[in-house]
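# Overview (structure and organization)
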Amino acid sequence: MFKKILTAMIAVIFFTAAGNVNAALPKPNAWQPEVLIGLLGNVQQVNLSFSAPCVMTDTLTKQQIQKVSAGKDLYIDVSSMPANSIEIRGDKVALKDLQVWVNGVMYFGGIKILKKGTTITVINIAPVEEYLRGVLPNEMIQSWHLEALKAQAVAARTFVLKNRQRHKNEGYELCATTHCQVYNGMKTFDTTDRAILVTCGEVVYQGGRTVDAPFHADSGGMTESAENVWGAKVAHLQAVAEDETQTQAWTVKFTVKDFSSRMGNAFGTLQRFSLTPLTIGKSAADRTTSGRVKYAKIIGSGKTVQMKGDEMRRKFSLLSTLFDVKIENGEVIFSGYGKGHGVGLSQYGAKHYAEKGWTYDKILSHYYKGATIKKLY
Ligand SMILES: [Zn+2]
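The notes below deal with the structure included here.

Conventions we followed
Residues numbered from 1 in each chain as written. Predicted model: local features only at pLDDT ≥ 70, side-chain atom pairs only at ≥ 80, totals over all residues. Heavy atoms only, no water. Pairing = 2+ DSSP bridges. Helix = DSSP H or I, 4+ residues; strand = E, 2+ residues; numbered from the N terminus. Axes fitted to C-alpha atoms, helices over the stretch in contact; angles between N-to-C directions. Core = buried A, V, L, I, M, F, W, Y, C linked by side-chain atoms within 4.5 Å. Buried < 20%, exposed > 50% of the residue type's maximum accessible area, 1.4 Å probe, protein only. Domains from an automatic or database assignment. Contact = heavy atoms within 4.5 Å. Parallel < 35°, antiparallel > 145°, perpendicular 65-115°, else oblique. Left-handed = near helix turned anticlockwise from the far one by under 90°. Nonpolar A, V, L, I, M, F, W, Y, C, P; charged D, E, K, R; others polar. Donors = N, O, S within 2.8 Å, 3.2 Å for Na, K, Ca; no water. Tetrahedral: all angles 85-135°; square planar, octahedral: opposite > 155°, others 65-115°.

### Focus on the sheet that holds strand 17 (residues 295–300)
The three strands lie next to each other as 16-17-18, forming an open sheet whose pairing is antiparallel. What marks the edges here is a single partner per strand, and that holds for strand 16 (270–274) and strand 18 (304–308). The sheet shows a mean angle of 25° between the axes of neighbouring strands, taken without regard to direction. Two strands pair when backbone bridges link them, and strand 17 and strand 18 are joined in this way by five bridges, in the antiparallel orientation. Within strand 18, the residue paired with I299 across the bridge is T304.

### With respect to the nonpolar core
L48, F50, I76, Y131, Y183 and Y368 are the most contacted members of the largest nonpolar core, which has 84 residues in total. The element contributing the most residues to this core is helix 3 (residues 146–162), with 11 residues. Inspection of this core shows a minimum of three residues originating in each of domain 1 (34–198) and domain 2 (214–343). If we ignore the near neighbours within four places in the chain, the residues touching Y131 are V35, I37, A126, V160, L174, Q181 and Y183.

### Here we look at the sheet that holds strand 22 (residues 372–375)
The sheet built from three strands is open, its strands ordered 13-12-22 with antiparallel pairing. Strands with a single pairing partner mark the edges of an open sheet, and in this sheet they are strand 13 (209–210) and strand 22. Pairing of strand 12 (residues 202–206) with strand 13 involves two bridges; the strand directions are antiparallel. Each bridged residue has a counterpart across the sheet, and for Y205 the counterpart in strand 13 is T210.

### Focus: the environment of S79
Here S79 lies in the loop between strand 5 (74–77) and strand 6 (85–90). As a C-alpha pair, S79 and T188 span 109 residues in sequence and 35 Å in three-dimensional space.

### So, the packing of helix 3 against helix 8 (residues 347–355)
Contact pair helix 3 / helix 8: the axes reach a minimum separation of 7 Å and the direction vectors enclose 140°. With respect to helix 8, the element helix 3 is oriented oblique. Seen along the crossing, helix 3 lies across helix 8 with a hand that is right-handed. Contact residues: E147, A148 and Q152 in helix 3; Q347, A350, K351 and A354 in helix 8. Of the residues belonging to the contact of helix 3 with helix 8, the class tally is three nonpolar, two polar and two charged.

### So, the coordination of the zinc ion
The protein atoms that coordinate the zinc ion are H167 (NE2), C175 (SG), H179 (ND1) and C180 (SG), at distances of 2.0 to 2.3 Å. Around the zinc ion sit four donor atoms, and with donor-metal-donor angles ranging over 102 to 118° the site reads as tetrahedral. Positions of the donor residues of the zinc ion, expressed as sequence spacing, correspond to H-x7-C-x3-H-C. The class for C175 is buried, based on a relative accessible area of 8%.

Set out below in structure tokens:
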């Protein structure tokens, strides 16, 4: 009896000391959508290994081709492909409980392989929630506050479920690079796993549908409307002010000579810039509501160029369009704040609000105006 009480006391002390993060993880839902992620394209061969016995089938006819043993290397090359499209799934285990090593890198789920002429494309068939476990640590630092990680998990899940047509022509749904979301194997953490599990199936929702939930690293002080960045007005993607401004200050420098040569032959030598000085949250003819550069006039000895802020960002590798520019001692000096396109959720902003005590739903409704969270499954 005493021993029992003592054990209970130790358990209470342990869980109190450890806090929420180390408490037992909740169980995931039984059902979830499957996504197809392109892992390798234009390759001749791949080496696979599965954690449990599997079955290889012809995707089109659904006919079984062969059984695949657990833990054994399975080499597939373009000349040995038994059909133009094959799938390998667990014989008795569900996709979420199956692990596959693709050229030694571990993923959850099964594999689909497409033969395309003289090459093959290797695709991971993954349950969405397991896929997110591989994605989230690449999108946000795993030691950040749980409420920030939860907000990021919902935004990342929304991205997946909204963008399943992106690579339709290539035979899968999402790629594994920054074009979609970086996915290079399962390096999972308790914190990011927990953020995914406790928000299982939740997406950003408005007007009866799942809506785009873009995110970026840091707004610099105020986010930007989708209209000013991508051209089309989106109700829930408006510019919103942050608690902290002038975050993540950065500087990028060029010599006047280097800058001028990047502007092309006809431009001549840089003379001056015409751009309203930056005040975060103050618009001008050449600046948006948040203060981001809409366009700047760049005056050279040969001609004057009016360039969009976004184009300047790309051309001169700037971290954001929330910047000032000046010429000083033979140098062009760009100085700005924030990182990324500035639309939707700011990751550093989410971290700040989470540390201030905001819950993930409050964080999401700050960045996605008028949107709610909906649990789809
Ligand atoms: Zn992509």
